[in-house]
Each structure stands twice: as structure tokens, then as C-alpha cells.
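Structure at a glance
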Amino acid sequence: KAGVTQTPRYLIKTRGQQVTLSCSPISGHRSVSWYQQTPGQGLQFLFEYFSETQRNKGNFPGRFSGRQFSNSRSEMNVSTLELGDSALYLCASSFQGAPPDTQYFGPGTRLTVL
Amino acid sequence: AQKVTQAQTEISVVEKEDVTLDCVYETRDTTYYLFWYKQPPSGELVFLIRRNSFDEQNEISGRYSWNFQKSTSSFNFTITASQVVDSAVYFCALRSGGSYIPTFGRGTSLIVHP
């Protein structure tokens, strides 16, 4: 079974721009979660989608948004980029998203904002 | 509220040494699940193990072993005869009851020198 894939792997943007990241979950998984990882804050939960609906949301500003498609693929969008948005963005998929499901992570998209 | 503490920020060992990574958790739920992930320099979090709160049996997988002790709320991870390829950041995570959002520790960076 193919793992979680994320595109692009690396991205460089400038302040004020917007960016869209993509995540394809493991086949059969319907829950997709997004995390932001920075050296200072560690792994922070952004949001979780299940069956095309945002089910859970972390404590991030409205500039961060996402969506999920009928094939469970998910996209994350960040508008009006700030320097502090530079981070590794990780996507994780699981079967239903509820315990005891295990989340499986993709390789991440490393975003640099200049 | 859930909390995971990985007090060791960085551990440095020489190849073939045994090393233990500590994980202490807090939760009020009686049903919960604990996880360990490995994050090599490539960035992807690799799932290592899941343990539920009703199963305190220790587990061994090759050079890896896990010690789960509810009495001390700990789920420690030991690598026997460490190798350079074990160099990575290791994360402990907790999912309680019906929570869709796992709580991650800050991670322990393990450096294995040849």
C-alpha cells in the first residue's frame, strides 16, 4: 500500500503571498489531519477533515484553511503569508480519525517564507 | 486535558550503547492510547508502536523495546545496541478516549555517534 504523499516537498514564497499544499492519504483512509512543525513550537495541530468536512480545528488564525475532496485528498491553504509561517507542514491520515486509529504521516512540505 | 512530557531534549550516545527515551503522560481518561514515532532528518514521522491503556505488557521488536507503567504514567522506549541509523527525533504521543486530536511531546533528539 502506498503511503501518505505530500506535494510539493519544498516551497519558497514571499510575505503576503498565498500557498496551497496537497496531501493524498493512504488508500481507504478517510481522515486527514494537518500539523505545523517548527523548532520553537513543536508539532501543532491545524485541523482534521473527515468525509469532506472539517471536524476539528486547532488554534490557528483564519489565514489557515483547508478542504477535503470526495476521494479523501486534502489541500491546505495559507493566505497572506508571514515570516512565522515558515515551517514543516505534515499531513497524517487514518482510517476514521478516532482512537484507536493510528495516524500515518507523509514526508511533509517544507515552506520557507522570505 | 492531555499532556505528554519528554524531558530529554537531546541524548548523545556512542554506537552500541543502550539508550532509553522517557515519556510521561497525563490524562483523566481511563481509555487512552500511546504512540511512539521516529522522525529522521528527511522529516517524515514514522510510526513505531501503539499501546492501549488496558495492556501493560511490555513489547519488544528487535532492538526496540517499550516499557508501559500506568503506576508512574510512563511509556519509555529503549533502543538496545544503538546504531547510527537510529539518529532521529523521537516523539511520544497520547490520544485519550474519544479525542480526535493526539497530543505530542516536544520530542527527544537522539544522536548516535559512530
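One can find the structure itself at the top, above this paragraph.
Heads up: these notes are all about the structure in this document.

What counts, and where the lines are drawn
- Residues numbered from 1 in each chain as written.
- Chains lettered and ligands numbered in written order.
- Predicted model: local features only at pLDDT ≥ 70, side-chain atom pairs only at ≥ 80, totals over all residues.
- Heavy atoms only, no water.
- Pairing = 2+ DSSP bridges.
- Helix = DSSP H or I, 4+ residues; strand = E, 2+ residues; numbered from the N terminus.
- Axes fitted to C-alpha atoms, helices over the stretch in contact; angles between N-to-C directions.
- Buried < 20%, exposed > 50% of the residue type's maximum accessible area, 1.4 Å probe, protein only.
- Contact = heavy atoms within 4.5 Å.
- Disulfide = S-S within 2.5 Å.
- Buried area = accessible area lost by both parts, 1.4 Å probe.
- Polar contact = N/O pair within 3.5 Å; in protein donor to acceptor, adjacent residues only side chain to side chain.

1. Notes on the sheet that holds strand S3 (residues 19–24) of chain A
All names here are of chain A.
- Spatially, S1-S3-S8-S7 is the arrangement adopted by the 4 strands of the open sheet, whose pairing is antiparallel. Only two strands of the sheet have a single partner each, and these edge strands are strand S1 (5–7) and strand S7 (64–68). Going across the sheet, the axis of each strand differs from the next one's by a mean of 20 degrees, ignoring polarity.
- Both S1 and S3 contribute to a ladder of 3 bridges, which runs antiparallel.

2. Observations regarding the environment of Val113(A)
Residues and elements named next belong to chain A.
- You can see Val113 is positioned in strand S11 (residues 109–113).
- The exposure class assigned to Val113 is buried, which follows from its relative accessible area of 6%.
- Residues Val113 and Lys13, 100 residues apart in the sequence, show an inter-C-alpha distance of 4.9 Å.
- Apart from the residues lying within four places of it in its own chain, the contact partners of Val113 are Lys13, Thr14, Arg15, Leu81, Glu82, Leu83, Asp85 and Ser86.

3. Structural notes on the state of the cysteines
- For the structure shown, the criterion picks out 2 disulfides over all chains.
- Covalently, Cys23(A) is tied to Cys91(A) through a disulfide, its sulfur atoms 1.7 Å apart. Between Cys23(A) and Cys91(A), the S-S dihedral sits near -55 degrees, and the bridge is therefore left-handed. Of this pair, Cys23(A) sits in strand S3 while Cys91(A) sits in strand S9 (residues 87–94), placing them 68 residues apart in sequence.
- With relative accessibility at 0%, the residue Cys23(A) sits in the buried group.
- Each disulfide pairs two cysteine sulfurs, and for Cys23(B) the partner residue is Cys92(B), the sulfurs being separated by 1.9 Å. For the disulfide bridge between Cys23(B) and Cys92(B), the dihedral angle about the S-S bond is near -65 degrees, and by the sign convention the bridge is left-handed. Here Cys23(B), found in the loop between strand S3 (19–21) and strand S4 (24–26), pairs with Cys92(B), found in strand S10 (residues 88–96); they are 69 residues apart in sequence, far enough to count as distant.
- Take Cys92(B): its relative accessible area is 0%, and that puts it in the buried class.

4. Some points on the interface of chain A and chain B
- At the junction of the two partners, chain A supplies 25 residues and chain B supplies 21 residues.
- A buried area of about 1,900 Å², summed over both sides, lies between chain A and chain B, and 57% of it is on carbon and sulfur atoms.
- Three residues stand out in chain A for area buried against chain B, namely Leu43(A), Pro99(A) and Phe105(A), and they jointly supply 28% of the buried area on that side.
- Inspection of the region where chain A meets chain B yields 6 residue pairs in polar contact (both at pLDDT 80 or more).

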